[in-house]
Amino acid sequence: MSNYENNNDTLGKIKEIIDKKQKLDVEITADKIIKEYCIIENSQLLFGIQLEYLREVYDIRNKNDIIPIPFTPPFLIGVTNVRGEILPVVNIGKLLGVSDVVDYHKMVITEVEYKIAFPVTSIEDLIQIDISSIQPIYANVNEEGIRFVNGEFIWNEQKILIIDMLRLFSSSEFRVE
Amino acid sequence: MFNNAIPQDKIEFLVFYDEGFKFGIDLEEVGTISMITKQSEDHDRFVRELKEAGILYELSSLFDKLRNNPKHFYLTIKKNKSPDIFIAIDEIEGVITFSLKDILLVPPLIKKLQKPFLVWGFGQRQEELIILLTLKNLEGGSYASNKL
């Protein structure tokens, strides 16, 4: 067998492998539902918020930027003024029952039916997640909070609690007329 | 004849400071303003009597501030159906008139979850926000004293 025939044979096999892989890639892509999430950190816990509901992130300059409101549930820290718009400020850790602490330096503004602000320690990353890789929750989320969580996702060997913003806004606590 | 009445789309607020925040309350809700020298026998007796009657509120405790410094000023809030209540505050600034269109109302979520309804909006003046309160919904009695 000549070198020319050998090369043709090898090229044919490579082409076949590439075709198979391309076909496989298409199938995998078709099966995947990829969503983009913003990973936020609050007091050493990580949460994922779907990017389509994220409106704005800014630095908190003064702790008095959050004005406490008495006689409200513990997860509601108060309100904040964002360019003349008064927004409710929610402690995400307290809402899910995973942490009471709020160590915040940034404010994350989200919007579904209306806007809500989440004070957070930091913004970790923006990542794409195949939603089939979201696992059931093993973290210590309480019964009330579990309603607002899609599940867990492992990222950089750390657990991220994925927030279900649609369920949160349609819950009895957050639904408004 | 000169008409001193405030137009209906405007509200006069008594503006005061407490624990770093600035508050405003509709003047119509305010009865008397008492000023008592702190750390005096009169002050201690006055506060003790109000506490025993369960009609003293300290805004700092309502707003989750741990400091419970003695206060200089005590406002009487007029109540129609229950005994008048007193609120203890640090300092009075004066009276400000806000047009209703300049008042930022609390979001519907706060309106829904705040029970009793206390903070209803914010008056914006230059860079600062004045927290607008209504104390009509606060009751005297055991509830008030439990808060202290």
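Shown above is the structure to which this text applies.
Owing to the predicted nature of the structure, the values given are computational and were not obtained by experimental measurement. (Residues numbered from 1 in each chain as written. Chains lettered and ligands numbered in written order. Predicted model: local features only at pLDDT ≥ 70, side-chain atom pairs only at ≥ 80, totals over all residues. Heavy atoms only, no water.)

Engineer: Give me the lowdown on the overall build of chain A, citing residues and values where you can.
Structural biologist: Looking only at helices and strands, chain A features 3 helices and 11 strands. Its helices and strands in sequence order give chain A the pattern α-β-β-β-β-β-β-α-β-β-β-β-β-α, from N to C terminus. Every one of the 177 residues in chain A was classed for burial, and the buried ones make up 42%. Nonlocal contacts in chain A, meaning residues at least 24 apart in sequence, comprise 57% of its contacts between residues at least 6 apart. Surface summary for chain A: the accessible area is close to 10,100 Å², and the carbon and sulfur share equals 49%. (Helix = DSSP H or I, 4+ residues; strand = E, 2+ residues; numbered from the N terminus. Buried < 20%, exposed > 50% of the residue type's maximum accessible area, 1.4 Å probe, protein only. Contact = heavy atoms within 4.5 Å. Areas by Shrake-Rupley, 256 points an atom, 1.4 Å probe, with all protein chains shown as cover.)

Engineer: Explain the side chain of Lys71 of chain B residue by residue, including any values.
Structural biologist: Residues and elements named next belong to chain B. Residue position: Lys71 is located in the loop between helix 2 (59-62) and strand 5 (73-77). A distance of 2.9 Å separates a polar atom in the side chain of Lys71 from a polar atom in the side chain of Asp18. Dropping the residues within four chain positions of it, Lys71 is found in contact with Asp18, Glu19, Ile36, Lys38, His43, Glu58, Ser60, Ala88, Ile89 and Asp90. (Polar contact = N/O pair within 3.5 Å; in protein donor to acceptor, adjacent residues only side chain to side chain.)

Engineer: Before we move on, could you go through the pattern of salt bridges and cite the residues and values that matter?
Structural biologist: Pairing between side chains of opposite charge can happen when their charged atoms approach one another. A complete count under the given rule lists 15 salt bridges over all chains for this structure. Between Arg147 of chain A and Glu144 of chain A there is a salt bridge, and its shortest N-O distance comes to 3.3 Å. Accessibility expressed as a relative area gives 29% for Arg147 of chain A, which makes it partly exposed. Given a relative accessible area of 48%, Glu144 of chain A falls into the partly exposed group. Measuring nitrogen to oxygen at the nearest pair gives 2.4 Å for the salt bridge that ties Arg125 of chain B to Glu128 of chain B. The class of Arg125 of chain B is partly exposed, set by a relative accessible area of 26%. Bridged by salt links that share partners, the residues Lys22, Glu93, Arg125 and Glu128 of chain B form one connected network. (Salt bridge = Lys/Arg side-chain N within 4 Å of Asp/Glu carboxyl O.)

Engineer: Describe the sheet that holds strand 3 (residues 30-35) of chain B, listing the residues and the values that go with them.
Structural biologist: Residues and elements named next belong to chain B. Taken in spatial order, the 4 strands line up as 3-5-6-4 in an open sheet, and their pairing is mixed. Strand pairing shows two members of the sheet lacking a second neighbour, strand 3 and strand 4 (56-58), which therefore form its edges. Taking the axes of each pair of neighbouring strands and ignoring which way they run, one obtains an average angle of 25 degrees across the sheet. Relative to strand 6 (residues 85-89), strand 5 is paired through 5 bridges, and the arrangement is antiparallel. Bridged to Phe73 within strand 6 is Ile89. Seen against the sheet, helix 1 (residues 41-53) touches strand 4, strand 5 and strand 6 and runs at an angle of roughly 30 degrees to strand 5. (Pairing = 2+ DSSP bridges. Axes fitted to C-alpha atoms, helices over the stretch in contact; angles between N-to-C directions.)

Engineer: Summarise the layout of surface pockets; cite the residues concerned and give the values.
Structural biologist: Space inside the largest pocket adds up to approximately 730 Å³. Together, 23 residues line the largest pocket, and Asn64, Asp65 and Asn81 of chain A together with Glu127 and Leu129 of chain B are the ones closest to its centre. Only strand 3 (54-59) and strand 5 (76-82) of chain A together with strand 2 (21-26) and strand 10 (128-133) of chain B provide two or more residues apiece to the lining of the largest pocket. A per-class count over the lining of the largest pocket returns 7 nonpolar, 8 polar and 8 charged. (1 Å grid on protein atoms, 1.4 Å probe; cavity = no way out; pocket = protein on both sides within 12 Å on 5 of 7 lines; lining within 4 Å. Points joined across faces, edges and corners; volume = space filled by probe spheres on them. Nonpolar A, V, L, I, M, F, W, Y, C, P; charged D, E, K, R; others polar.)

Engineer: Give me empty space enclosed by the protein: which residues, what numbers.
Structural biologist: The final tally for this structure, using the stated rule, is 1 cavity of 30 Å³ or more. Here the largest cavity defines a volume of roughly 30 Å³.

Engineer: Explain the sheet that holds strand 9 (residues 122-130) of chain A residue by residue, including any values.
Structural biologist: All names here are of chain A. Strand order across the open sheet formed by 5 strands is 9-1-2-11-10, with mixed pairing between neighbours. The sheet is open, and its two borders are formed by strand 9 and strand 10 (149-155), each paired with just one other strand. For this sheet, the mean inter-axis angle between neighbouring strands, taken without regard to orientation, is 30 degrees. The pairing of strand 1 (residues 34-42) with strand 2 (residues 45-50) spans 6 bridges and is antiparallel. Across the sheet, residue Tyr37 finds its bridge partner in strand 2, namely Gln50.

Engineer: Tell me about the interface of chain B and chain A, residues and numbers included.
Structural biologist: When the parts of a complex come together, some accessible area is lost, and that lost area is often used as the size of the interface. At the junction of the two partners, chain B supplies 25 residues and chain A supplies 24 residues. Counting the surface lost from both chain B and chain A, the interface buries some 2,000 Å², and carbon and sulfur atoms represent 77% of this. Its largest share of buried area at the contact with chain A, chain B owes to Leu109, Ile110 and Leu113 of chain B, together 28% of the area lost on that side. At the junction of chain B and chain A, the tally comes to 0 salt bridges. For the interface between chain B and chain A, the tally reads 4 residue pairs in polar contact (both at pLDDT 80 or more). For the side of chain B that touches chain A, the leading source of residues is helix 3 (residues 108-113) of chain B, giving 5 residues. (Buried area = accessible area lost by both parts, 1.4 Å probe.)

Engineer: So, the packing of aromatic side chains: which residues are in play, and what are the values?
Structural biologist: Evaluation of the coordinates by the stated rule reveals 9 aromatic pairs over all chains. Arranged with centres 4.9 Å apart and planes meeting at 70 degrees, the rings of Tyr114 of chain A and Phe169 of chain A form a pair that is edge-to-face. Linking Tyr114 of chain A in the loop between strand 7 (106-111) and strand 8 (115-120) with Phe169 of chain A in helix 3 (residues 165-170), this pair joins segments that are 55 residues apart in sequence. With respect to class, Tyr114 of chain A is no different from Phe169 of chain A; both count as buried. Arranged with centres 5.7 Å apart and planes meeting at 25 degrees, the rings of Phe16 of chain B and Phe23 of chain B form a pair that is stacked. Put simply, the rings of Phe75, Phe148 and Phe174 of chain A touch in pairs and so form one group of aromatic residues. (Phe/Tyr/Trp six-rings, centres within 6.5 Å; stacked < 30°, edge-to-face > 60°.)

Just geometry here; none of it tells us what the structure is for.
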